[in-house]
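Geometric and topological summary
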Amino acid sequence: MKQQYNVGIVGATGMVGQRFALLLENHPWFRVKALAASARNKGKTYAEACEGRWKMKTPMPEQYKDMVLYDATADAAEIAGQVDFIFCAVDMKKEDIRALEETYAKLECPVCSNNSAHRMTPDVPMIIPEINANHAEIIPAQRKRLGTKRGFIAVKSNCSIQSYVPALSALLDFEPTEVAVCTYQAISGAGKTFETWPEMVDNVIPYIGGEEEKSEKEPMKVWGHVAGDHIEPAKLPVITAQCLRVAASDGHMAAAFVKFKNKPDRETILQRWKNFSGEAQKLGLPSAPKHFLTYFDEPDRPQTRLDRDLEGGMGVSIGRLREDALYDYKFVSLSHNTLRGAAGGAVLMAELLCAKGYMD
Ligand SMILES: NC(=O)c1ccc[n+]([C@@H]2O[C@H](COP(=O)([O-])OP(=O)(O)OC[C@H]3O[C@@H](n4cnc5c(N)ncnc54)[C@H](OP(=O)(O)O)[C@@H]3O)[C@@H](O)[C@H]2O)c1
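Here, residues in each chain are numbered from 1, in the same order as that chain's written sequence. Side-chain atom pairs in this predicted model are given and counted only at pLDDT of 80 or more, local residue features only at pLDDT of at least 70, and totals for whole chains, interfaces and linings cover all residues.

Moving on: the overall build of the protein chain. In DSSP terms, a helix is any run of H or I states spanning at least four residues, a strand is any run of E spanning at least two, and both are numbered starting from the N terminus. Helices and strands together make up the secondary structure of the protein chain, namely 14 helices and 15 strands. Two things to know: the radius of gyration comes from C-alpha atoms, and the globule rule equals 2.2 Å times the number of residues to the power 0.38. Relative to the compact-globule value of 21 Å for 360 residues, the protein chain shows a C-alpha radius of gyration of 20 Å, a close match. Seen through its C-alpha atoms, the protein chain measures out along the principal axes to roughly 60 × 50 × 35 Å. Remark: C-beta atoms are placed from the backbone, and a residue is labelled buried if 20 or more other C-beta atoms sit within 10 Å of its own, exposed if 12 or fewer do, or partly exposed between those counts. Counting the 360 residues in the protein chain, one finds 48% classified as buried. In the protein chain, the proportion of contacts linking residues at least 24 apart, taken out of those at least 6 apart, comes to 77%. The contact rule is simple: place each C-beta atom from the backbone, and if two of them lie within 7 Å, those residues are in contact.

Let us now look at the domain arrangement of the protein chain. Where each domain begins and ends is defined by an automated method or by a domain database. Its domain assignment divides the protein chain into domain 1 (5-158 + 342-355) and domain 2 (161-335). Between the C-alpha centres of domain 1 and domain 2 the distance comes to 24 Å. With 33 residues of domain 1 at the contact, the number on the domain 2 side is 28 residues. Elements with a contribution of two residues or more to the side of domain 1 that touches domain 2: helix H6 (129-132) and helix H14 (339-355). For the side of domain 1 that touches domain 2, the element with the highest residue contribution is H14, accounting for seven residues. The residue classification treats Ala, Val, Leu, Ile, Met, Phe, Trp, Tyr, Cys and Pro as nonpolar and Asp, Glu, Lys and Arg as charged. All others, Gly included, are polar. Looking at side-chain class alone, the side of domain 1 that touches domain 2 contains 16 nonpolar, 10 polar and seven charged residues.

One open sheet accounts for six strands, arranged E3-E2-E1-E4-E5-E6; its pairing is parallel. Of all the strands in the sheet, just strand E3 (70-71) and strand E6 (153-155) have a single pairing partner and so form its edges. Here the rule is simple: two strands pair whenever DSSP picks up at least two bridges between them. Strand direction decides the pairing type here: strand E4 (residues 85-88) and strand E5 (residues 111-113), joined by three bridges, are parallel. Directly across from Phe-87, in E5, lies its bridge partner Cys-112. A fitted line through C-alpha atoms serves as each axis, taken over the contacting stretch for helices, and the angle formed by two N-to-C directions is quoted from 0 to 180°. With respect to the sheet, helix H1 (residues 15-24) is in contact with strand E1 (5-10), strand E2 (30-37) and E4, its orientation differing from that of E1 by roughly 160 degrees. The strands touched by H14 are E1, E4, E5 and E6; relative to E5, the strand with the most contacts, the crossing angle is about 150 degrees.

Structure (structure tokens):
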């Protein structure tokens, strides 16, 4: 791998794009060379384009303020010529995102995407570095389809699955057969704050478009395996999900119920969670949490406000493991949706792909 990589942020003015900007400010491997958004903001400085819509709690870093924004579509070739790869998080129609990401890949510029458009494309890996780092092995097959030498698309999973999937991944060899999960998702997951979405103060909305389908299907791809030119999804467990929007600024919680073919005892589950780590920790990637999973014994933890920033927002916290009358066990888990669940997860995935030589 190289010592430094030049990167671009496409969708830099959005909620996830702003997170990318903060996370990459002092990144040891990545230097931000290009910022892009829609044609509406082309030619504006980043400071001008984000005026009145900077959604982060920390101010915009000085280094980005005077950078002039590109149009992500019209200037794709110019951006691709300056960077080793891009991070992409845009709010566009799915078919337009698919086309945009393929354009960059075909310009030999790899894409680390936060968008859902390519998550179900069979040869696009959806990587959580602690869980399925080996799915990167599909990249040569994708390059063959796209006719590229370097270019490819890799995606991170939806933020909703980022809490219960890691917890269940530590238990896969006990063969979970059925999972029921209810998620309690923060408003930043919709790119919003309480200022921009006042209807969410003191409210719960029992509908997030498309989220339940993603929460049921995406884990199967993450738990699948590389089979020649595609990723073959896992067949079990069957997952049923309900996803609710709740009045939290950041942090998605999940309450999960699970039935196993071979039911483990409680102590074994706790040991598995305590010791669970993966390629991200083995390689010592800069954004990897030391402890991926943390179990809280206190009956009222994890709490969104107290625990979402665990391990810099890259850890997953779990609590309330107990036996269940209908399923074998139930538990609660939490992860930060714009850090581990979005920009942070994509940065960690990019670090993995660099360490494995896919960005050279
Ligand atoms: N928020 C989360 O927690 C989260 C988690 C996981 C995944 N995601 C995904 O990440 C993506 C972005 O989400 P977000 O919350 O950051 O959205 P957002 O705050 O609404 O930002 C959208 C971004 O897309 C850009 N954009 C819109 N139309 C464009 C176009 N035609 N060409 C190029 N850029 C365009 C916007 O640029 P302008 O400023 O110029 O309009 C802005 O930079 C979505 O696909 C979302 O599903 C979000």
